[in-house]
Amino acid sequence: MSKKLQSFIEIAAESHFPLENLPFGVFKPRQGPARIGVAIGDSILDLSVLEEEGIFQLPEFQDRKVFADDALNSFLSLGRPAWRKTRAILQRLLSIETAELRDNAALRDLALYAQREVTMQLPARIGDYTDFYSSYHHAHNVGTMLRGPENALMPNWKWLPVGYHGRSSSIVVSGTDVRRPHGQIKAPEAAEPAFGSTRSFDFELEMAFFIGPGNSLGDPVPIARAEEHIFGMVLMNDWSARDVQAWEYQPLGPFLAKNFCTSISPWVVTLDALEPFRKPLPAQDPAPLQYLRGSHESTYDIQLEARLQTASLEAPHVITRSNFQHLYWSIAQQLAHHTVGGCNLRPGDLLASGTISGPTEDSRGCMLELSWRGANPLQLPNGEMRKWLEDGDTLAISGWAQGDGYRIGFGEVTGKVLAAAE
Ligand code: MN
């Protein structure tokens, strides 16, 4: 990993947002409309102010205002060369060696905000959202519960990245409370379903990536060009109602069990920031079909953990530790597969990984697996037991790539479970 870069802004060693990161997000200050910024340490640099100052003289911008906006979509549509140039400008501007912002108190006053003083919003207008099912260990665990270990994986699983089209309107930013949903639930021994609130409320530890330029209808993105269309990644919690899911999912897949709420972290970490953490993809056997085969299939080493805070726990408790590297299918393969039939992707679309479970019991990415469908409840440090999430529980997912003396962090995605509506 490269030598640590230094900013004139003080950044703690454990910060998720050093100069090497510079994730993009949308924030609303106490006064004025929402706009686009990058996180640096505990601060945010307001890119709409810098744009007004003429800092970004890039041909790709074509004299448009890109950052005085409440969504990243316009910036996402510009593509990787423009993203890279913007990132280089910002790294130079925030460097301890550059006087331009460092020595201009008036500009610093205008352009820098404390993160604790602003409200983060969704980073983009998400037109379409897809959730994959790309963790071998997750698919194998869930399949084992349903069909036994011999038939755990469906015959298609190692041939294509299984996924479903989700609901974008109910994607919310971290910090938004989530209400326990109602739905149809049929107990295994019951003759008929009943209506009620879910009794098996779950989280899913996931990551998701935002689409950049995208493709036209009928014009697939070949795998070799897939990463040109991926801007960056966020953490995601795909809240799930397992009892609703068990009754409704056949034959077309999840529906109301998943569409009531999905939470994402506010800062989008670019693939450029993650580049030093590129790792080989786990071996794929059988070899995928040609359109899913890249010349150098790879993934990223991103450590992930989920923390549970109950009403009576003294401090949040880590209930699982996983890693993005455990995924069987790469993001390039997911994107190539998504478009191979001609489906168009647009700037701001969100494609998610599916629950990211590792090979061990303490790296499972949801309560369904951690408690093995309720058979082995989790014991918390204060003696509390959990098969599923309960009202008043707060679930936080955090993630970071560990460099030599710095972290490329994602911050967190957090949400509190509220009691079902009357
Ligand atoms: Mn999911």
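Residues numbered from 1 in each chain as written. Predicted model: local features only at pLDDT ≥ 70, side-chain atom pairs only at ≥ 80, totals over all residues. Heavy atoms only, no water.

A.B. asks: What is the right way to look at unusual backbone geometry in this model?
C.D. replies: Backbone geometry follows two general trends: most residues other than glycine have a negative phi, and most peptide bonds adopt the trans configuration. Residues Gln 250 and Pro 251 are joined by a peptide bond in cis, for which omega reads 5 degrees. Structurally, the position occupied by Pro 251 is in the loop between α7 (242-248) and β16 (262-264). Unlike most non-glycine residues, Gln 62 shows phi in positive territory, near 50 degrees. Turning to its location among the elements, Gln 62 is positioned in the loop between α1 (47-52) and α2 (73-78). At Arg 373, a position not held by glycine, the phi torsion is positive, near 55 degrees. (Helix = DSSP H or I, 4+ residues; strand = E, 2+ residues; numbered from the N terminus.)

A.B. asks: What is the right way to read the coordination of the manganese ion from this model?
C.D. replies: Reference values for coordination geometry: four tetrahedral donors around a metal ideally subtend 109.5 degrees, six octahedral donors ideally subtend 90 or 180 degrees. For the manganese ion, the protein coordination sphere consists of Asp 131 (OD), Glu 204 (OE), Glu 206 (OE) and Asp 238 (OD), at 2.1 to 2.2 Å. Donor residues for the manganese ion, ordered by position in the chain, follow D-x72-E-x1-E-x31-D. Here Asp 131, found in strand β6 (residues 129-132), pairs with Glu 204, found in the loop between β12 (201-202) and β13 (205-211); they are 73 residues apart in sequence, far enough to count as distant. Residue Asp 131 is classed as buried on the basis of its relative accessible area of 2%. A relative accessible area of 4% places Glu 204 in the buried class. (Donors = N, O, S within 2.8 Å, 3.2 Å for Na, K, Ca; no water. Buried < 20%, exposed > 50% of the residue type's maximum accessible area, 1.4 Å probe, protein only.)

A.B. asks: Is there a simple way to think about helix α3 (residues 80-94) in this case?
C.D. replies: For an α-helix, 3.6 residues make a turn, and residues three or four places apart therefore share a direction. For α3, which comprises 15 residues, the first-to-last C-alpha distance of 21 Å matches the rise-based estimate of 21 Å (1.5 Å per residue) to within 8%. Along α3, the residues that are buried comprise Arg 80, Ala 82, Trp 83, Thr 86, Arg 87, Ile 89, Leu 90, Gln 91, Leu 93 and Leu 94. (Expected span 1.5 Å × (residues − 1).)

A.B. asks: So what exactly am I meant to see when it comes to the domain arrangement of the protein chain here?
C.D. replies: Quoted interface sizes are often the accessible area lost when the parts come together. According to the domain assignment, the protein chain contains domain 1 (24-121) and domain 2 (129-418). Here the C-alpha centroids of domain 1 and domain 2 sit 30 Å apart. Contacts between domain 1 and domain 2 engage 19 residues on the former and 18 residues on the latter. A buried area of about 1,500 Å², summed over both sides, lies between domain 1 and domain 2, and 65% of it is on carbon and sulfur atoms. Its largest share of buried area at the contact with domain 2, domain 1 owes to Phe 24, Leu 76 and Arg 80, together 38% of the area lost on that side. With its nearest N and O atoms 3.4 Å apart, the salt bridge here joins Arg 80 to Asp 272. Those elements that place two or more of their residues in the side of domain 1 that touches domain 2 are β1 (24-28), β2 (35-40), α2, α3 and β5 (119-121). The class makeup of the residues in the side of domain 1 that touches domain 2 is nine nonpolar, seven polar and three charged. (Domains from an automatic or database assignment. Contact = heavy atoms within 4.5 Å. Buried area = accessible area lost by both parts, 1.4 Å probe. Salt bridge = Lys/Arg side-chain N within 4 Å of Asp/Glu carboxyl O. Nonpolar A, V, L, I, M, F, W, Y, C, P; charged D, E, K, R; others polar.)

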